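# Observations on the three-dimensional arrangement
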Amino acid sequence: MKIGVIGAGFIGRAVAELALAAGHEVMLSNSRGPQTMSSVPSGIPGVQVGSAEDAARFGDVVLVAIPLEHYRSVPAKWLEGKVVMDANNYYPNRDGHIPALDRFETTTSRLLAEHLPHAQVVKVFNAIFAPDLTQDARPHGASDRRALPVAADDTAAKAQVIRLLDELGFDAVDAGGLDDSWRFERGKPAYCIPLDKAGLEAALAKAERTVELPAVERTRR
Ligand SMILES: NC(=O)c1ccc[n+]([C@@H]2O[C@H](COP(=O)([O-])OP(=O)(O)OC[C@H]3O[C@@H](n4cnc5c(N)ncnc54)[C@H](OP(=O)(O)O)[C@@H]3O)[C@@H](O)[C@H]2O)c1
């Protein structure tokens with residue numbers, strides 16, 4: 001499969017490494033253009049680089065992993081009909097205040113989905129610290145395999161991403177639709193805590209809409 005990645009930071013690169021190791025083709029992109037990423041392929045052998053538009057066109061599935069404040073710049077036209085994986089989180093200190101999120105009226109992934117009305121948005125990879133992606137990946141069936149939460153409105157898109165997660169080294173817990181995805185946003189019990197499937201299900205069930213837990217070590221982003 002071809003995976004386009006919009007955002008060549010910690011998360012984009014970690015997912016790229018896992019996806020390449022699993023045999024997929026990957027194109028990374030950033031906002032400044034591929035000329036600023038000339039050293040990337042030597043660090044991640046096999047990866048391609050391009051503009052955000054290039055990555056959106058390239059991917060059968062496209063990951064968005066950028067600071068949330070820039071979500072409206074994601075090239076909607078090239079994502080029509082595609083599955084878009086959304087790793088973004090909301091950090092008001094970084095992203096500025098988004099009143100509807102501050103009032104708990106919407107979710108970060110619903111905002112992206114509203115910007116991409118013809119794509120199938122799947123929230124995934126937001127609730128794991130980037131270095132843990134490569135460190136915690138395990139083969140299918142491993143006894144210490146970590147589970148990650150996944151939410152989407154489109155059942156087929158969600159199933160495709162759950163299969164991809166399995167290839168990349170993680171179990172998945174279906175956390176419902178995009179309007180339910182607040183259960184694993186920043187500050188919830190499931191956020192960036194290593195858990196197996198049962199532990200993740202319990203953490204998702206424990207989440208309260210307006211309660212944000214204090215940040216714990218290694219959950220800064
Ligand atoms: N780091 C983590 O552990 C972690 C874990 C889970 C989720 N997340 C979330 O995932 C997202 C990315 O985090 P990160 O830590 O990977 O960020 P990062 O290391 O700061 O990298 C951000 C990347 O996004 C690119 N970018 C920014 N605006 C863009 C735009 N408009 N179009 C295309 N590319 C753009 C940047 O490129 P330029 O420099 O060229 O702008 C950079 O390559 C954030 O929402 C974060 O909260 C992070």
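For the structure, see preceding data.
Keep in mind it's a predicted model, so treat the numbers as computed, not measured.

Approximately 810 Å³ is the volume attributed to the largest pocket. As for the largest pocket, its lining consists of 38 residues, of which Gly-9, Phe-10, Ala-65, Ile-66 and Pro-67 are closest to the centre. Listed by contribution, the elements that provide at least two residues to the lining of the largest pocket are α1 (10-21), β2 (25-30) and α7 (130-136). It is α1 that provides the largest number of residues to the lining of the largest pocket, a total of four residues. A class-by-class count of the residues in the lining of the largest pocket yields 20 nonpolar, 13 polar and five charged.

Bringing the site of the ligand into the picture now. By nearness alone, 25 residues border the ligand, and Ser-31, Arg-32, Ile-66, Ser-73 and Ala-130 come closest of all. Measuring from an oxygen atom of the ligand, one finds a backbone N or O atom of Asn-89 at 3.2 Å. For the ligand, whose unbound accessible area comes to 900 Å², protein coverage reaches 87%. In this structure the site holding the ligand corresponds to the largest pocket. Tallied by class, residues from the shell around the ligand come to 13 nonpolar, nine polar and three charged.

The rules we used
Residues numbered from 1 in each chain as written. Predicted model: local features only at pLDDT ≥ 70, side-chain atom pairs only at ≥ 80, totals over all residues. Heavy atoms only, no water. 1 Å grid on protein atoms, 1.4 Å probe; cavity = no way out; pocket = protein on both sides within 12 Å on 5 of 7 lines; lining within 4 Å. Points joined across faces, edges and corners; volume = space filled by probe spheres on them. Helix = DSSP H or I, 4+ residues; strand = E, 2+ residues; numbered from the N terminus. Nonpolar A, V, L, I, M, F, W, Y, C, P; charged D, E, K, R; others polar. Near = heavy atom within 4 Å. Polar contact = N/O pair within 3.5 Å; in protein donor to acceptor, adjacent residues only side chain to side chain. Areas by Shrake-Rupley, 256 points an atom, 1.4 Å probe, with all protein chains shown as cover. Sits in = over half its atoms within 2 Å of the grid points.

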